[in-house]
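Next come the chains, spelled out residue by residue.
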Amino acid sequence: MASPDLVSSLPCSTGESFSGSFNIAIEETSPANFLPVLEVSNSSVCNNSNIPKPPPLPGKTYTKTSYPKRLANCSSVPRETKDTWDKLFKDGYGADIHIITEDGPIIPAHSCVLGVASPVLGNFLQLSKVKKGIRYIKIPGVPCEAAYAFIRFLYSSSFEEEEMKKFVLHLLVLSHSYSVPSLKRLCAHHLEQGWMTPENLIDVLQLARKCDAPRLSLICTRMIVKDFKTISSTQGWKVMKRVDPALEQELLEAVVEADSRKEERLKKIEEKKVYLQLHEAMEALLHICRDGCRTIGPRDKVLKGSQVACGFPACKGLETLVRHFSSCKTRVPGGCVHCKRMWQLLELHSRMCSEPDCCKVPLCRHFKEKMQQQSKKDETKWKLLVSKVIAVKNSLGPFPARSSGLL
């Protein structure tokens, strides 16, 4: 138990008084305990005639008038309209632009559509030269199929799922380079929904950082931290380690920080579990000494018997500990491990008890007097322990404590 050891031993008379405080037996009789019920009397309302009477309550048939809310989005694009724009792009009717790609045929398009859909392309069109009534612009660095899917999206916001999955990284770069935020959001959404794999995760992270996609970048970082052993063995990690050592160092620091947070979180959970067990032991000790339980309790109480269920999780273990403590021949601090634990529980109760004069827990007043003789260092340790147990007690609220295994 996370508490300081008792330094001074207690006289044998205190042990005898502890044993004499309990009635350790098995009986079948079960007393009926009733809690007093608080009743609130009905008082009349103030009879002051100067106070006006309140207006009557509305009837049951009263209904609040509802007004139609203005729709935030009043536009609706039918499928036919999208098909029309898709057909205009695929047929190239009246096209005045030819888009040159890296490895494929020329893609015809319309300058008015591209200029409205992408301000970057609009600037390129103004700077491009006209040859026989046709403007030429080039989209470098991506396959022809990716450029085709990109221009098609500018027309009708339509795409084929297979093309999107195949060229999602290219489309993410194009959407950022040519300032098409709707396409960028779409690419990021599909990547977040399961299109990222250990093999492409590093590539997606690097593109997300360069394409100003902070949410996607954060998700990639978390996935790398979560499965660092697998990701660090991929080819993408090896290439990134060679060309971008700063990013590698940042990811390694994120992994170390995540491990530290996890260890700290587990440590706090274990500490809270110990303090919760101590709180349950304090409740069970007070329950046994004040009310009595199945086979042990005060001499002025009738025991309930071993067949009766107890609502205190630590009660059964504490019963065994009290039985051992009452009959142990080496009942001195430091002599017996079980007795030492009992001494500590008694002292912890004494430090948490606010009514030592009428408390029925044995040796409560004795430990109150003993506090004045302890060193400042021991006193500080005990105060810290008491504060932790009280904090756990307050965090439970109205819900009962869970079963624990301290005893």
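Before any of the text, the structure's been laid out above.
Every value quoted in this text rests on a predicted model; they were computed, and no experiment measured them. (Residues numbered from 1 in each chain as written. Predicted model: local features only at pLDDT ≥ 70, side-chain atom pairs only at ≥ 80, totals over all residues. Heavy atoms only, no water.)

Draft legend 1. Examining helix α8 (residues 181–195) more closely. Between its first and last C-alpha atoms α8 spans 20 Å; for 15 residues at 1.5 Å apiece the expected length is 21 Å, and the two agree. Turning to α8, its buried residues are L183, K184, C187, A188, H190, L191 and W195. Looking straight down α8, one finds that the buried residues subtend no more than 160° of arc, so they occupy a single side. Exposed residues lying more than 90 degrees from the buried face of α8 are R185, Q193 and G194. Those residues of α8 that are buried lie in contact with α5 (144–156), α6 (161–166), α7 (168–177), α9 (201–210) and α10 (214–226). (Helix = DSSP H or I, 4+ residues; strand = E, 2+ residues; numbered from the N terminus. Expected span 1.5 Å × (residues − 1). Buried < 20%, exposed > 50% of the residue type's maximum accessible area, 1.4 Å probe, protein only. Arc of directions from axis to C-beta. Contact = heavy atoms within 4.5 Å.)

Draft legend 2. Representation of the pairing of strand β2 (residues 97–100). Burial along β2 is one-sided: I97 and I99 are buried, while H98 and I100, pointing the other way, are not. Alignment of β2 against strand β3 (residues 107–109), held across three bridges, turns out to be antiparallel. The residue of β3 that forms the bridge with I99 is I107. Where β2 meets strand β5 (residues 134–138), four bridges bridge the pair, whose relative direction is parallel. Counterpart to I97 in the pairing with β5 is R135. (Pairing = 2+ DSSP bridges.)

Draft legend 3. How the structure looks around a negative patch on the surface. Where like charges cluster on the molecular surface, the negative patch consists of D259, E263, E264 and E271. For D259, a relative accessible area of 42% translates into the label partly exposed. (Patch = residues over 30% accessible without salt bridge, like charges linked within 9 Å, V, L, I, M, F, W, Y side chains within 5 Å. Areas by Shrake-Rupley, 256 points an atom, 1.4 Å probe, with all protein chains shown as cover. Salt bridge = Lys/Arg side-chain N within 4 Å of Asp/Glu carboxyl O. Lys, Arg positive; Asp, Glu negative; His and termini not counted. Charge placed at Lys NZ, Arg CZ, Asp CG, Glu CD.)

Draft legend 4. The arrangement of α7 in detail. Taken together, the buried positions of α7 are V168, L171, L172, L174 and S175. Buried residues of α7 fall within an arc of 170° about the axis and therefore sit on the same side. Check the buried side of α7 and you find it contacts α5, α6, α8, α9 and α10. The first or second residue beyond α7 is S179, which carries a positive phi of 55°.

Draft legend 5. Broad picture of the sheet that holds β2. Pairing within the open sheet is mixed, and its four strands lie in the order β3-β2-β5-β4. Each edge of the open sheet carries a strand with a single partner, namely β3 and β4 (130–131).

Draft legend 6. Up close: the packing of aromatic side chains. Applying the stated criterion across every chain yields a total of seven aromatic pairs. Between F89 and Y155, the ring centres sit 5.1 Å apart and the planes meet at 40°, which makes this aromatic pair tilted. Of this pair, F89 sits in helix α2 (residues 79–91) while Y155 sits in helix α5, placing them 66 residues apart in sequence. Each of the two residues, F89 as well as Y155, counts as buried. Between W343 and F367 the ring centres are 6.5 Å apart and the planes differ by 65°, which places this aromatic pair in the edge-to-face class. Remark: F367 occurs in helix α16 (residues 364–370) and W343 occurs in helix α15 (residues 337–352); sequence separation between them is 24 residues. Look at W343 and you get buried, because its relative accessible area is 1%. Counting every residue linked through ring pairs, the aromatic cluster contains F89, Y148 and Y155. (Phe/Tyr/Trp six-rings, centres within 6.5 Å; stacked < 30°, edge-to-face > 60°.)

Draft legend 7. Quick peek at unusual backbone geometry. Unlike most non-glycine residues, S157 shows phi in positive territory, near 55°. Within the element layout of this structure, S157 appears in the loop between α5 and α6.

Draft legend 8. Here's a closer look at the packing of α2 against α5. Contact geometry of α2 with α5 gives a least axis separation of 8 Å together with a crossing angle of 135°. Here α5 runs oblique to α2, going by the angle between their axes. In terms of crossing hand, the pair formed by α2 and α5 is right-handed. Residues K82, W85, D86, L88, F89 and K90 of α2 form the contact with α5, whose own contacting residues are Y148, I151, R152, Y155 and S156. (Axes fitted to C-alpha atoms, helices over the stretch in contact; angles between N-to-C directions. Parallel < 35°, antiparallel > 145°, perpendicular 65-115°, else oblique. Left-handed = near helix turned anticlockwise from the far one by under 90°.)

Draft legend 9. Structural context of the nonpolar core. The biggest cluster of nonpolar side chains holds 49 residues, and the ones touching the most others in it are I99, L114, F150, I151, L171 and L216. Considering each element in turn, this core owes the most residues, eight residues, to α5. Among all residues touching L171, those that are not within four sequence positions of it are A146, A149, F150, M164, L183 and C187. Of all hydrophobic cores here, the second largest spans 37 residues; its members include W343, L363, W382 and V389. (Core = buried A, V, L, I, M, F, W, Y, C linked by side-chain atoms within 4.5 Å.)

Draft legend 10. Spotlight on the pattern of salt bridges. Within the structure shown, the criterion is met by eleven salt bridges. For R152, the salt bridge identified is with D86, shortest N-O distance 2.9 Å. Placement of R152 in helix α5 and of D86 in helix α2 is noted, with a sequence separation of 66 residues between them. Judged by its relative accessible area of 7%, R152 is buried. When its relative accessible area of 6% is taken as the criterion, D86 is described as buried.

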